[in-house]
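# Chains, contacts and geometry: an overview
If you want the building blocks of each chain, they are given just below.
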Amino acid sequence: MLPFKLIYSDAYFLPIGEHVFPAEKYRRIRDRLISTGVADANDFLEPQPATDQDILLVHKPEYVQKLKTGTLSPREELEMEIPYSRDLAEAFWLAAGGSILAARQSLTDKVCISIGGGFHHAFPDHGEGFCMIHDVAVAIRRMQRDDKIRTAMTLDCDVHQGNGTAAIFAGTRTASALLPSSTSTVQQPEGAPRGKMRGAHAGDVFTISLHQHNNYPLHKPPSSIDVDLPDGTGDDDYLAWLDNAISSGLRQFEPDLLCYIAGADPYREDQLGGLNLTIEGLKKRDELVFRVARTHNIPVMVTYAGGYARRIEDTVTIHCNTVIAAKEIFASLK
Ligand SMILES: [Zn+2]
């Protein structure tokens, strides 16, 4: 039995037909975790859908109304890049409910993983890039409304920049300022291409995004810290940047909750990514995040976001490794 809970429902499945987004990954992850003995059935909690009131903590009433009545314009549906249906909207309401439950559970168990969610390209008034509802933002706002937390930090390690997250929490931020050069504190191999780190002060939610610079989204609204990684960044450079970004973030900000968006798409075999991380490197990434959370005693909730490996089994392995990493880091707590 795991020392924390996994949030999962069969209804996390996104009914989007043949699509580059492997909607069946959630069920496969659950099945793999059980068949390999990493988790058993008692480790899983079934979420309830978020209420409309929860969704409205982040999203505009007009947009929510369109989603509930199926009245998105063709252009809005095209921008979302997934085919609208009432069932699909319900799956996103459930993902948001799963993230709310993961946030709440992490406050008691130190860590909680939702085998879903991480829809970081959703904006208050529209969906984008396979994302309809920003489940993580909804969870943060709900925890704040319930007075469970005051502040939160998002740590987005999906290969694509967290544009929705940056936009949603931008209102609480002052003008951006350049961080001291990170190159002095990050060891990089001689001649390795250098990434760029940009930073801004935060309000009640501090946002960090590590992503490939030359990738979707074209327009990247500023996060509190953005790390723009060059094409082909490998394990060692990535881990150094990650370590640097978290350290910098935690010097500037004290979060009551860490929201880790653990995308599987920085993987070298990803169809929509251009970084060069190995499966082992991605597990080290997860371990680093969990070790920092544990050391600083910050509750951490995890969502899964993207993953488009040529072999879906690799995506499943990467996501399962996140659970194994949490198990290894947090096992000795109880
Ligand atoms: Zn992605």
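Scroll up for the structure.
Along each chain, residue indices are assigned from 1 in the same order as the chain's sequence is written. In keeping with the model being predicted, local features are shown solely for residues with a pLDDT of at least 70 and side-chain atom pairs are shown and tallied solely at 80 or more, while totals for entire chains, interfaces and linings include all residues. Excluding hydrogens and water, the side-chain figures rest on all heavy atoms present in the structure.

## Points about the pairing of strand β3 (residues 111-114)
A simple rule labels every residue: compare its accessible area, found with a 1.4 Å probe on the protein chains alone, to the largest value its type can have, and call it buried under 20%, exposed over 50%, or partly exposed in between. Numbering of helices and strands starts at the N terminus; helices are DSSP runs of H or I of at least 4 residues and strands are runs of E of at least 2. Burial of the side chains of β3 extends over both faces: Val 111 and Ile 113 are buried on one face and Cys 112 and Ser 114 on the other. Only strands that DSSP links by at least two bridges are regarded as paired with each other. Examined bridge by bridge, strand β1 (residues 5-7) and β3 share three bridges and lie parallel to one another. Across the sheet, the residue bridging to Leu 6 is Ile 113, located in β3. Bridging between β3 and strand β10 (residues 300-303) involves three bridges; their strand directions are parallel. Within the sheet, the bridge partner assigned to Cys 112 lies in β10 and is Met 301.

## With respect to the nonpolar core
The term nonpolar core refers to a set of buried residues drawn from Ala, Val, Leu, Ile, Met, Phe, Trp, Tyr and Cys, joined through side-chain atoms within 4.5 Å. Ranked by size, the top nonpolar core spans 111 residues in total, and within it Leu 6, Leu 33, Ile 115, Met 132, Phe 290 and Val 323 carry the most contacts. Of the residues forming this core, the biggest block, 12 residues, is contributed by helix α5 (residues 86-109). The contact partners of Met 132, leaving out residues within four places of it in the chain, are His 59, Tyr 63, Leu 67, Met 80, Tyr 84, Leu 88, Ala 89, Phe 92, Ala 122 and Gly 127. Note on contacts: a residue pair qualifies if any of its non-hydrogen atoms lie within 4.5 Å across the two residues.

## A few points about the pattern of salt bridges
Note that side chains of opposite charge can pair when their charged atoms are close. For this document, the term salt bridge refers to a Lys or Arg side-chain nitrogen within 4 Å of an Asp or Glu carboxyl oxygen. Per the stated rule, a full pass over the model turns up 15 salt bridges. Between Lys 66 and Glu 76 there is a salt bridge whose closest N-O contact spans 2.8 Å. Pair noted here: Lys 66 is in helix α3 (residues 61-69) and Glu 76 is in helix α4 (residues 74-80), with a separation of 10 residues, a long-range link. Lys 66 sits in the partly exposed class, given a relative accessible area of 27%. Between Glu 328 and Lys 283 there is a salt bridge, and its shortest N-O distance comes to 3.0 Å.

## Here's the deal with the environment of Ala 152
If you trace the backbone, Ala 152 turns up in strand β4 (residues 152-156). The sequence separation of Ala 152 and Gly 307 amounts to 155 residues, and the corresponding C-alpha distance is 25 Å. Every residue in contact with Ala 152, bar those within four places of it in the chain, is listed here: Ile 140, Asp 204, Val 205, Phe 206, Phe 253, Pro 255 and Leu 257.

## Overview of the coordination of the zinc ion
Every protein donor of the zinc ion is accounted for by Asp 158 (OD), Asp 158 (OD), His 160 (ND1) and Asp 265 (OD), and the metal-donor separations fall at 1.9 to 2.8 Å. Here a donor is any nitrogen, oxygen or sulfur atom (N, O, S) within 2.8 Å of the metal, with 3.2 Å used for Na, K and Ca; water is not among the atoms considered, so some sites may look incomplete. Only two sets of limits are used to name each site, 85 to 135 degrees for every angle of a tetrahedral four-donor site, and over 155 degrees for opposite donors with all other angles from 65 to 115 for a square planar four-donor or octahedral six-donor site, with any other site named irregular. Given four donor atoms and angles of 53 to 151° at the metal, the environment of the zinc ion is assigned as irregular. Considered as a linear motif, the donors of the zinc ion on their single chain read D-x1-H-x104-D.

## Concerning the pairing of strand β7 (residues 205-212)
Within β7, eight of the eight residues are buried, which leaves the element mostly enclosed by the surrounding structure. Neither face of β7 is left uncovered, since the one carrying Val 205, Thr 207, Ser 209 and His 211 and the one carrying Phe 206, Ile 208, Leu 210 and Gln 212 both have all their residues buried. Taken together, the five bridges between β4 and β7 define a ladder with parallel strand orientation. Residue pairing for β7: Leu 155 is matched across the bridge by Ile 208. Alignment of β7 against strand β8 (residues 225-229), held across five bridges, turns out to be parallel. By the bridge assignment for β8, Leu 210 is matched with Val 227.

Without other data, these values stay purely geometric and don't point to any function.
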